[in-house]
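Tertiary structure, described
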Amino acid sequence: MNSLSLDSLDAAAFLLIWQHFDVDDNGYITGKELHAFFQHMLEKCGIKRGEIHEDKIIRLRERFMSAHDTAADGHLQIQELATIMLPEDENFLLLFRRETPLDNSVEFMRIWRCYDSDSSGYISAIELKFFLQDLFLQHRKSITPEKLEEYTDTMMKMFDKNRDGRLDLNDLARILALKENFLLKFKMDACTQEDRTRDFEKIFAHYDVSKTGALEGPEVDGFVKDMMELVKPSISGTDLDKFRDALMGHCDINGDGKIQKNELALCLGLKLS
């Protein structure tokens, strides 16, 4: 069995299969979920349940995970499974797994600000549709209005975790495969002044994407997002805006709408040489 692609499978049918196995709705299947998925696949191949022994499931699992677990994390991500199961013309999910997943919250927040066009702190179905449309154009793929509606609906069902008809920051991060919070690399309780200053230099350089020596716009947003998620894993766009305003009010000493490097250092109690 080299492929799990099914001729009749479309995005909506794929969604039903995914939701059945992603029991805890975290965007990937692992452990018992993964075991149940491969047992189901063997049954689909015509093997009777009583003939499916543990060794067959393990061999199938190992073969497919070595070939399709692109992140090598022991999880089967929704995009990875879509690669296996969906025909090429239905596999629009792959558009969200870019050649290199987003590794900087600054770029993520630039996308967020662009498509949260009414600054509500959420991405509505209409805003998501514009996002999808632009994504297809970016990849030079044509799409009919009917398919665009179908894909928008499917994406909302897949990633709108609280089922309120809109996407929050965390939902979009799952779609765009945003990498781990950069700030998790650092010990927030670094003891010496030298350690704190060294870490500060690395952190500031990471968010100062424009290399101007000041954080502005999405750079401030990305820094705020990662800071907030250290203490509150699930944040909304409105939460972020409130904390951003507070940070700007505290750190933007010269009132230029930016956070200069020395201003942020001063707010954090650091002295730069």
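Model, not experiment: these values are computed from the prediction. (Residues numbered from 1 in each chain as written. Predicted model: local features only at pLDDT ≥ 70, side-chain atom pairs only at ≥ 80, totals over all residues. Heavy atoms only, no water.)

Helix and strand content of the protein: 12 helices and six strands. When each of the 273 residues of the protein is scored for burial, the buried share is 44%. As presented, the protein carries roughly 14700 Å² of accessible surface, and 53% of it is formed by carbon and sulfur atoms. (Helix = DSSP H or I, 4+ residues; strand = E, 2+ residues; numbered from the N terminus. Buried < 20%, exposed > 50% of the residue type's maximum accessible area, 1.4 Å probe, protein only. Areas by Shrake-Rupley, 256 points an atom, 1.4 Å probe, with all protein chains shown as cover.)

Where helix 10 (residues 218-231) meets helix 11 (residues 237-251), the axes come as close as 10 Å, and the angle between the chain directions of the two elements is 110°. Classed by the angle they form, the pair helix 10 and helix 11 counts as roughly perpendicular. Two packed elements cross with a definite hand, and for helix 10 against helix 11 that hand is right-handed. Within the contact between the two elements, helix 10 uses Val220, Asp221, Phe223, Val224, Lys225, Met227 and Met228 and helix 11 uses Asp239, Leu240, Phe243, Arg244, Leu247 and Met248. Residues that form the contact of helix 10 with helix 11 fall into these classes: nine nonpolar, no polar and four charged. (Axes fitted to C-alpha atoms, helices over the stretch in contact; angles between N-to-C directions. Parallel < 35°, antiparallel > 145°, perpendicular 65-115°, else oblique. Left-handed = near helix turned anticlockwise from the far one by under 90°. Contact = heavy atoms within 4.5 Å. Nonpolar A, V, L, I, M, F, W, Y, C, P; charged D, E, K, R; others polar.)

Another aspect to go through is the environment of Asp22. By the secondary structure assignment, Asp22 is in the loop between helix 1 (11-21) and strand 1 (28-29). Look at Asp22 and you get buried, because its relative accessible area is 3%. Between the alpha carbons of Asp22 and Leu76 there is a distance of 9.9 Å; along the sequence they are 54 residues apart. Excluding residues within four positions of it along the chain, Asp22 makes contact with Gly27, Tyr28, Ile29 and Glu33.

The next point concerns the pattern of salt bridges. All told, the structure shown has 15 salt bridges when counted by the stated rule. A salt bridge links Glu107 to Arg110; the shortest N-O distance between them is 2.9 Å. Of the two residues, Glu107 and Arg110 both sit in helix 5 (residues 105-115), three residues apart, roughly one turn of that helix. In this structure, Glu201 and Lys261 form a salt bridge, with 2.5 Å as the shortest nitrogen-oxygen distance. Here the residue Glu201 occupies a position in helix 9 (residues 193-207), and Lys261 occupies one in helix 12 (residues 261-267), the gap between them amounting to 60 residues. Salt bridges here are not isolated pairs; linked through shared partners, they connect Arg113, Asp221, Asp241 and Arg244. (Salt bridge = Lys/Arg side-chain N within 4 Å of Asp/Glu carboxyl O.)

A separate point is the environment of Cys114. Mapping Cys114 onto the fold places it in helix 5. The spatial distance from the C-alpha of Cys114 to the C-alpha of Phe131 is 9.0 Å, given a sequence separation of 17 residues.

UniProt tags residues 9-44, 103-138, 147-182 and 195-230 as "domain: EF-hand" (unreviewed entry). Counting secondary structure, residues 103-138 comes out at 69% helix and 6% strand; the distance between its end C-alpha atoms is 20 Å. Taken as a whole, residues 147-182 contains 56% helix and 6% strand, while its terminal C-alpha atoms sit 36 Å from one another. (UniProt positions renumbered as here; feature names shortened; annotations may be inferred.)

To continue, consider the packing of aromatic side chains. Under the criterion given, the structure shown has seven aromatic pairs. Here Phe200 and Phe204 contribute two aromatic rings whose centre-to-centre distance is 6.0 Å and whose plane-to-plane angle is 35°, an arrangement assigned as tilted. Within this pair, Phe200 and its partner Phe204 are both found in helix 9, separated by four residues, close to a single helical turn. We classify Phe200 as buried; its relative accessible area is 4%. With a centroid separation of 5.4 Å and an interplanar angle of 70°, the aromatic rings of Tyr207 and Phe223 are classed as edge-to-face. Residue Tyr207 is located in helix 9, and its partner Phe223 is located in helix 10; the two are separated by 16 residues in the primary sequence. The two residues Tyr207 and Phe223 agree in class, both being buried. An aromatic cluster is built from Phe182, Phe186, Tyr207 and Phe223, whose rings are joined through pairwise contacts. Against the face of Tyr122 rests Arg166, its NZ or CZ located 3.5 Å from the ring centre. (Phe/Tyr/Trp six-rings, centres within 6.5 Å; stacked < 30°, edge-to-face > 60°. Lys NZ or Arg CZ within 6 Å of the ring centre and 35° of its normal.)

Along its 15 residues, helix 11 runs 21 Å from first to last C-alpha, staying within 8% of the 21 Å computed at 1.5 Å per residue. When helix 11 is considered as a whole, its buried residues turn out to be Gly237, Leu240, Arg244, Leu247, Met248 and Cys251. Looking straight down helix 11, one finds that the buried residues subtend no more than 100° of arc, so they occupy a single side. With respect to the buried face of helix 11, the exposed residues turned more than 90 degrees away are Lys242, Asp245, Gly249 and His250. Buried residues along helix 11 sit in contact with helix 5, helix 8 (169-175), helix 10, strand 6 (259-260) and helix 12. (Expected span 1.5 Å × (residues − 1). Arc of directions from axis to C-beta.)

Below, the discussion takes up a nonpolar patch on the surface. Taken together, the side chains of Leu184, Leu230 and Val231 define a hydrophobic patch exposed on the protein surface, amounting to about 300 Å² of accessible area. By the secondary structure assignment, Leu184 is in the loop between helix 8 and helix 9. (Patch = residues over 30% accessible without salt bridge, like charges linked within 9 Å, V, L, I, M, F, W, Y side chains within 5 Å.)

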